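If you want the building blocks of each chain, they are given just below.
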Amino acid sequence: MKLNRFLAATVACFLITLAAFGQVTTGSLTGTVTSTGNPLPGVTITVSSPNLQGTRTTVTDANGNYNLSALPPGEYTVRFELAGLQTVTQRARVGVTQTARADADLKVSSLAEAITVTANAPAVLETTEVQTNVPAKLVENLPMGRTLIATVNLAPGVNQNGPGGNTMISGGQSFDSTFYVDGAVVNELLRGQPQNLFIEDALQETTVQTGAISAEFGHFTGGVVTSVSKSGGNSFTGSFRDTITNPSWTTKGELAKVDSTDKMIHNYEGTLGGRIIRDRLWFFTAGRYNKLDYARRFGRTPTDTTDSTFQFGDKERRLELKLTGQITSAHSLSGSYFDIHRTQKNNPFGTPLEASALDVSRSLPNRFYTLDYNGILTNNFLIEALYAKQIFKFVDSGADAPAPPERGTNIFYPLVGTAGSFAGYNTFCGGCAPFPESRNNENAKVKGNYFLSSKSVGTHNLVAGFENYKDMLKSDNYQSASSFTLYTYDSPSRAADGTFLNSLTAASGFLIWFPILESSHGNEFTTRSFFFNDKWDLTQNLNFNLGVRYDNNEGVNEARAKVASDSKVSPRVAATYDVFGNGRLRLNASYSQYVSKIANGNVGDITSSAGSPSYLYWLYYGPDLNNLPTNQFLDQVYKWFNSVGGTKNTDFLLGGGTAGISPAIRDKLKSPSVDEFTVGFGTQIGRNGFIRADYQNRKWSDFYTQIANRSTGTVFDPLAAGTGADVDLKLVTNSNDFTRKYNAFLVQGGYRLLNRVDLGGNYTYSKLRGNITGENSGGGPFVSNGTQYFPEFRSYARANPIGYLGADQRHKVRAWASIDFPTFIGNFNVSALQRYDSGVPYGANGNIWLVRGSQCATCPTNNPAQGGPGYTAFNINAFTTGGYWFTSRDAFRTDNITATDLALNYFVPIGPTQLFVEGKVFNVFNRQGVANVNTTVRTAVNSSCRQTVGPNAGKRCVSFNPFTETPVEGVNWVKGPNFGKPLNPTTGEPFGGAGDFQTPRTYRVSLGIRF
């Protein structure tokens, strides 16, 4: 009979998933009530909080257990009552996505009420999940940034070692974690980093989940971050803040040649919340305004001795409105709306060399909205549902309208600067398409929660639900206003009056035409998921978390061709053993599998014929052009090009390719996944402290890869060779030929002393080892070339050896102390944050010749008559070079970064109002560790490479066969003159940043009022 009740409850939870959709932004409170050590059924538990409309009530079951789900995060008063027994009142804090515990022992007493203080375990010990909760108060007190990224980086298992400094969680690629704000996914669609779609003073708290994550969460292989904003209340509250920064408040950094701009930059924030109807309808609204207008530097030409600047502007306004209403005592509804209006002037793409390359004006509208429903059907049965959508657009990004080639071509100098620089006219063209580029997502989720308890089956907190997530990209990717780009390998210069001068000699550049043959129809990648989770308390000492998730991933590219169709069942199981049965020492272990969504952009959309540019490219063979202003320069380039037939020319046509031909997706893409094991323990220290330690092991599978071999065959490309030809067919698929593994030991702890001193911190020891990065800072995830990509030429051992990846960081420490000092002139808070990040690895990697010919006499041949494979498009598409690791991936490491940050906060109460001043100093001792270095390696591919040892010193470097020969440093390859050195200076400018060094000493001040 009881087994039937258990099965009925499970089925009921699944049936709920047909009713609505949602994402959970709440927490839970659970506990056990006893009397003289024995379970006590029938006890009434009533909870109240400033964050809860009205009160919530439940009754303990036969085992003395209770559970309250879907509670808004906040501080709660928990009242335990049973006739004839002492009434007990406790305090408990419920965190977002966390489960808090409040136990009580009731005694026979004639007193009407007494307050009992019980050492309940912190929420971080209550769960098998490896997680960290960061409340707004901690962010406000500590000397740290107030952004979501800064908050997340406070947690163990998190670092900022992804491409371009992107955030990574538990070894996952930086694009593959999920960030929620009020239930809306705020990831940027391509790179996966969280967009700043929030107002700092509006955030109530953030939870970072890094391991043993519940089956309720999906479409990630890194971690999950959940933030929730404030909701108002019965009392009116509000604030106004001005955060002041100044580039000159950053100490002049290493390699900086000029002082930073001395200009105050104000960031204004305001909030207001309260009641419309007491305990029935609350509102919360917030706003933020920030305006930047300052000089930025153009890229330097090889002959520049001084900096040339341009005026950059960035203006942003953010608004938030949130309503929380109680329809009845059992049904509530809340909705959030965020609107971000951002405009920029003179926006650079890459490194600009002159003013005409700047985007004069563009806007980046961004907004999201959520609708959240909670329904209590019985004391033990409730549902939660939420719908959220984010809409992000690029309006007039790049050129505002099409232009003729002479006035619409961008010029790329690949040898100027560290990664090339741009001159000419705008890169990209936002006004060439009939619609602005959009990158949107939509998330809908519903879950049912049923609390079941009996003497025979123990206590079960059952959760089941359905989630539907999709992201959508629509873009016509015009490369310039004319669809032409000019590559020149000559060096530019600058006249004495600052005029930028271009140069191009015969056979030293390429003119590339990027026509879009089919406009985008918009892509759509959808993940539909069912999940079930059972938090099962078998005995007082032993409990389990049993979960399973089913994910179905499907997708169509911008040509609406189906490219993904895959499903996977992923288990999530964990167990906790309470050694003494009192929460003082818990042991835990888990096995979890996480399944990602299909990556958009350069993975899921790589085969699209719509919205993607095709290309044809010609070798420039006109007259030498030396030191000409851009207009004159482009006039001369196109005078020659038109004289030889323009786009109809075949004499100088080197090749081309049609979008959507090759690569192709023959077998639908699978979703990458990761398997994870964790073991750990947690212990409570006194009433106010804890320590938790976890070991985490992860291994990834089903990586995105590209294959091309003799079995994949050929396909006809109308633009290949300029007039059409068969080309080798490349296929995008999944592969386990790569390796990516992560091992970590994480310790976190905290202690509150005398209600005035907060101590906390964490330590991470980790290793990230493998041979795949699979992403970059420019476009996010990409398809990696493995051992089956032209294997006769690219499968040599040093093409992609296993080693410690560039994001590997052995040690990370965050330790803090916060002390309150009440005085007769106001309240002071002094806090310190100590940071330590060990260095990351780098090695010597460079391009080498792969195919036998004049460049390499000993390399493998492509000629079928000589036993070669005879690839048709090998030379046309320049597949003649490939990367070679001359050292291990971790032969060298950057400096360890250590910094001490301090904050002094002063609060002056004036009646119900509080004035505040917050001063922060980052890197007090001005340490200057090197965080990034140049890794240039020169080989025979580079004409400037010269031998440095042996009898042929001074002659050009020698090619070698990567399969049979071992290269010699100084003969086959040399380190660049700046290898291992930092090159980019530290500046205090808002977009200058730390360069290749850690940020030097920096000051920041906030002041305002709150009530």
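Worth saying up front: this structure is predicted, and the values here are computed from it rather than measured.

Scoring rules and cut-offs
- Residues numbered from 1 in each chain as written.
- Predicted model: local features only at pLDDT ≥ 70, side-chain atom pairs only at ≥ 80, totals over all residues.
- Heavy atoms only, no water.
- Helix = DSSP H or I, 4+ residues; strand = E, 2+ residues; numbered from the N terminus.
- Rg over C-alpha atoms; globule rule 2.2 N^0.38 Å.
- Buried < 20%, exposed > 50% of the residue type's maximum accessible area, 1.4 Å probe, protein only.
- Contact = heavy atoms within 4.5 Å.
- Polar contact = N/O pair within 3.5 Å; in protein donor to acceptor, adjacent residues only side chain to side chain.
- Disulfide = S-S within 2.5 Å.
- pLDDT = per-residue confidence, 0-100.
- Salt bridge = Lys/Arg side-chain N within 4 Å of Asp/Glu carboxyl O.
- Phe/Tyr/Trp six-rings, centres within 6.5 Å; stacked < 30°, edge-to-face > 60°.
- Lys NZ or Arg CZ within 6 Å of the ring centre and 35° of its normal.
- Core = buried A, V, L, I, M, F, W, Y, C linked by side-chain atoms within 4.5 Å.
- Pairing = 2+ DSSP bridges.
- Axes fitted to C-alpha atoms, helices over the stretch in contact; angles between N-to-C directions.
- Expected span 1.5 Å × (residues − 1).
- Arc of directions from axis to C-beta.
- Patch = residues over 30% accessible without salt bridge, like charges linked within 9 Å, V, L, I, M, F, W, Y side chains within 5 Å.
- Areas by Shrake-Rupley, 256 points an atom, 1.4 Å probe, with all protein chains shown as cover.

J.: Help me understand the overall build of the chain, please; the structure alone is not making it clear to me.
T.: For the chain, the count of helices and strands is seven helices and 63 strands. A compact globule built from 1011 residues would reach a C-alpha radius of gyration of about 30 Å, and the chain, at 31 Å, matches this within 12%. Residues counted as buried form 57% of the 1011 residues belonging to the chain. Long-range contacts, defined here as pairs at least 24 residues apart, represent 74% of the contacts in the chain between residues at least 6 apart.

J.: So what exactly am I meant to see when it comes to unusual backbone geometry here?
T.: Both trends apply: most residues other than glycine have a negative phi, and most peptide bonds are in trans. Ser-662 connects to Pro-663 through a cis peptide bond whose omega is 15°. The topology assignment puts Pro-663 in the loop between strand E40 (653-657) and strand E41 (673-685). A positive phi angle, close to 60°, is found at Ala-70, a residue other than glycine. Residue placement: Ala-70 occurs in strand E5 (residues 65-71). Here Ala-70 falls in the buried class, since its relative accessible area comes to 10%. Located in the positive-phi region is Asp-279, a residue other than glycine, with phi close to 60°. Topologically, Asp-279 is positioned in the loop between strand E19 (265-277) and strand E20 (281-297). Looking at Asp-279, the relative accessible area reads 27%, which means it is partly exposed.

J.: Got a minute to help me understand the side chain of Arg-1010 in this structure?
T.: Mapped onto the elements of the fold, Arg-1010 is located in strand E63 (residues 1002-1010). A distance of 3.3 Å separates the side chain of Arg-1010 from the side chain of Glu-140, its partner in a polar contact. Those residues in contact with Arg-1010 that sit more than four places away from it in its chain are Glu-140, Gly-238, Ser-239, Arg-241, Phe-907, Pro-912, Thr-913, Gln-914, Phe-916 and Glu-918.

J.: Honestly, the state of the cysteines in this entry has me stumped. Any pointers?
T.: Applying the stated criterion to the full structure yields three disulfides. One disulfide bridge connects Cys-429 with Cys-432, the sulfur atoms lying 2.0 Å from each other. Between Cys-429 and Cys-432, the S-S dihedral sits near 80°, and the bridge is therefore right-handed. No difference in accessibility class separates Cys-429 from Cys-432, as the two residues are buried. Sequential numbering of the bridged cysteines in the chain gives the disulfide pattern 1-2, 3-4, 5-6.

J.: Just to check I follow, could you spell out the confidence of the model for the chain for this structure?
T.: One rule of thumb: low pLDDT means the predicted coordinates there are not for detailed reading. Mean pLDDT over the chain works out to 91, with 95% of the residues at or above the 70 mark. Low confidence marks residues 1-23, where pLDDT is under 50. Its contacts with residues over four positions away, or in another chain, come to 55 contacts.

J.: Teacher, can you tell me more about the environment of Ser-356 here?
T.: The residue Ser-356 is located in the loop between strand E22 (331-347) and strand E23 (359-363) in this model. The partly exposed category is assigned to Ser-356, whose relative accessible area is 27%. Linking Ser-356 and Asn-743, residues 387 residues apart in sequence, is a C-alpha distance of 49 Å. The contact partners of Ser-356, leaving out residues within four places of it in the chain, are Gly-424, Tyr-425 and Asn-426. From its side chain, Ser-356 meets the backbone oxygen of Gly-424 in a polar contact 2.5 Å long.

J.: Would you mind showing me how to read the pattern of salt bridges here?
T.: When the charged atoms of two side chains with opposite charge come close together, those side chains can pair. If you walk through the whole model with that rule in mind, you get 46 salt bridges. Ionic contacts of the salt-bridge type, sharing partners, join the residues Glu-140, Arg-146, Asp-201, Arg-241, Glu-269, Glu-918 and Arg-1010 into one network.

J.: Teacher, can you tell me more about the environment of Pro-977 here?
T.: The residue Pro-977 is located in the loop between strand E62 (973-975) and E63 in this model. Taking the C-alpha atoms as reference points, Pro-977 and Asp-895, 82 residues apart in sequence, are found 20 Å from one another.

J.: When you look at the packing of aromatic side chains in this model, what are you seeing that I'm missing?
T.: The description of an aromatic ring pair uses the distance of the two centres, along with the angle that the planes make with each other. Using the criterion set out here, one finds 44 aromatic pairs in the structure. Centroid distance Phe-466 to Phe-530: 4.9 Å. Interplanar angle 50°. Geometry classified as tilted. A residue pair is termed long-range when its members are at least 10 positions apart, and Phe-466 in strand E29 (residues 458-474) and Phe-530 in strand E34 (residues 524-537) qualify at 64 residues. Between Phe-484 and Trp-513, the aromatic rings sit 6.0 Å apart at their centres with planes inclined by 15°, giving stacked as the arrangement. Pair noted here: Phe-484 is in strand E30 (residues 484-488) and Trp-513 is in strand E33 (residues 509-513), with a separation of 29 residues, a long-range link. With relative accessibility at 6%, the residue Phe-484 sits in the buried group. Its relative accessible area of 25% is what places Trp-513 among the partly exposed residues. When the ring centre of Phe-312 is taken as origin, the NZ or CZ atom of Arg-296, which lies over that ring, is 4.9 Å away.

J.: Could you clarify how one ought to interpret the nonpolar core in this entry?
T.: Inside soluble globular proteins, nonpolar side chains tend to come together where they are buried. Within the largest apolar cluster, 24 residues are counted, with the highest numbers of intra-cluster contacts made by Ile-411, Tyr-413, Leu-486, Phe-633 and Phe-641. When contributions to this core are tallied by element, the ones reaching two or more residues are strand E26 (410-413), E30, strand E32 (500-504), strand E38 (615-619), strand E39 (625-628) and helix H6 (630-643). Of the residues forming this core, the biggest block, six residues, is contributed by H6. What Tyr-413 contacts, discounting residues up to four positions off in sequence, is Leu-353, Gly-420, Ser-421, Ala-423, Thr-488, Asp-490, Ser-491, Pro-492, Phe-500, Asn-502 and Ser-503. If you look at the next biggest cluster of nonpolar residues, it comprises 21 residues, including Val-43, Leu-52, Tyr-76 and Leu-85.

J.: So what exactly am I meant to see when it comes to the pairing of strand E60 (residues 913-922) here?
T.: Within a regular strand, side chains alternate between the sheet's two faces. Across nine bridges, the pairing between strand E59 (residues 897-910) and E60 is antiparallel. When the bridges of E60 are listed, Leu-904 appears paired with Gly-919.

J.: Help me understand the sheet that holds strand E17 (residues 224-229) in this model?
T.: Strands in a sheet are paired, the pairing made by backbone hydrogen bonds, and the direction either parallel or antiparallel. Read from one edge to the other, the open sheet built from five strands follows the order E11-E16-E17-E14-E15, with strand pairing classed as mixed. Because the sheet does not close on itself, it has two edges, and the strands there are strand E11 (130-135) and strand E15 (184-185). Pairing analysis gives two bridges linking strand E14 (residues 178-181) to E15, with the strands arranged antiparallel. When the bridges of E15 are listed, Val-181 appears paired with Ala-184.

J.: Explain the sheet that holds E32 to me, please; I cannot follow it from the model alone.
T.: One open sheet holds the three strands; their spatial order is E31-E32-E39, and the pairing between them is antiparallel. Of all strands in the sheet, those with a lone pairing partner are strand E31 (493-494) and E39, marking the two edges. Bridging between E32 and E39 involves two bridges; their strand directions are antiparallel. The residue of E39 that forms the bridge with Leu-504 is Leu-625. Sheet contacts for H6: E32 and E39; angle to E39, the most-contacted strand, approximately 155°.

J.: Any chance you could explain H6 here in plain terms?
T.: It helps to recall that an α-helix has 3.6 residues per turn; residues three or four apart then point in one direction. Under the 1.5 Å per step criterion, the end-to-end length of H6 is 20 Å for 14 residues, consistent within 8% with the ideal 20 Å. Among all positions in H6, only Thr-630, Phe-633, Leu-634, Val-637, Tyr-638, Trp-640 and Phe-641 are buried. Looking straight down H6, one finds that the buried residues subtend no more than 155° of arc, so they occupy a single side. Among the exposed residues of H6, those oriented more than 90 degrees off its buried face are Lys-639 and Ser-643.

J.: Explain the pairing of E17 to me, please; I cannot follow it from the model alone.
T.: Most of E17 sits out of view: six of its six residues are buried. Neither face of E17 is exposed, since Val-224, Thr-226 and Val-228 on one face and Val-225, Ser-227 and Ser-229 on the opposite face are all buried. By the bridge criterion, four bridges tie E14 to E17 in an arrangement that is parallel. Across the sheet, Tyr-180 pairs through a bridge with Thr-226, a residue of E17. Strand direction decides the pairing type here: strand E16 (residues 203-211) and E17, joined by six bridges, are antiparallel. The residue bridging Leu-203 from the neighbouring strand is Ser-229, located in E17.

J.: Looking at this structure, I do not really get a nonpolar patch on the surface. What am I missing?
T.: Side chains of Phe-240, Tyr-268, Tyr-289, Ile-910, Leu-915 and Ile-1009 sit close together on the surface and give an oily, nonpolar patch of about 500 Å² of accessible area. Looking at the element boundaries, Ile-1009 is found in strand E63. Take Ile-1009: its relative accessible area is 33%, and that puts it in the partly exposed class.

J.: So what exactly am I meant to see when it comes to the side chain of Glu-384 here?
T.: By the secondary structure assignment, Glu-384 is in strand E25 (residues 381-394). Among the polar contacts made by the side chain of Glu-384, one reaches the side chain of Thr-26 at a distance of 2.8 Å.

J.: I'm lost on the environment of Leu-358 in this one. Help?
T.: Relative to the assigned elements, Leu-358 resides in the loop between E22 and E23. Taking the C-alpha atoms as reference points, Leu-358 and Asp-901, separated by 543 residues in sequence, lie 37 Å from one another. Ignoring sequence-local partners within four residues, the contact set of Leu-358 consists of Phe-298, Phe-310, Asn-346, Asn-347, Pro-348, Pro-352 and Asn-426.

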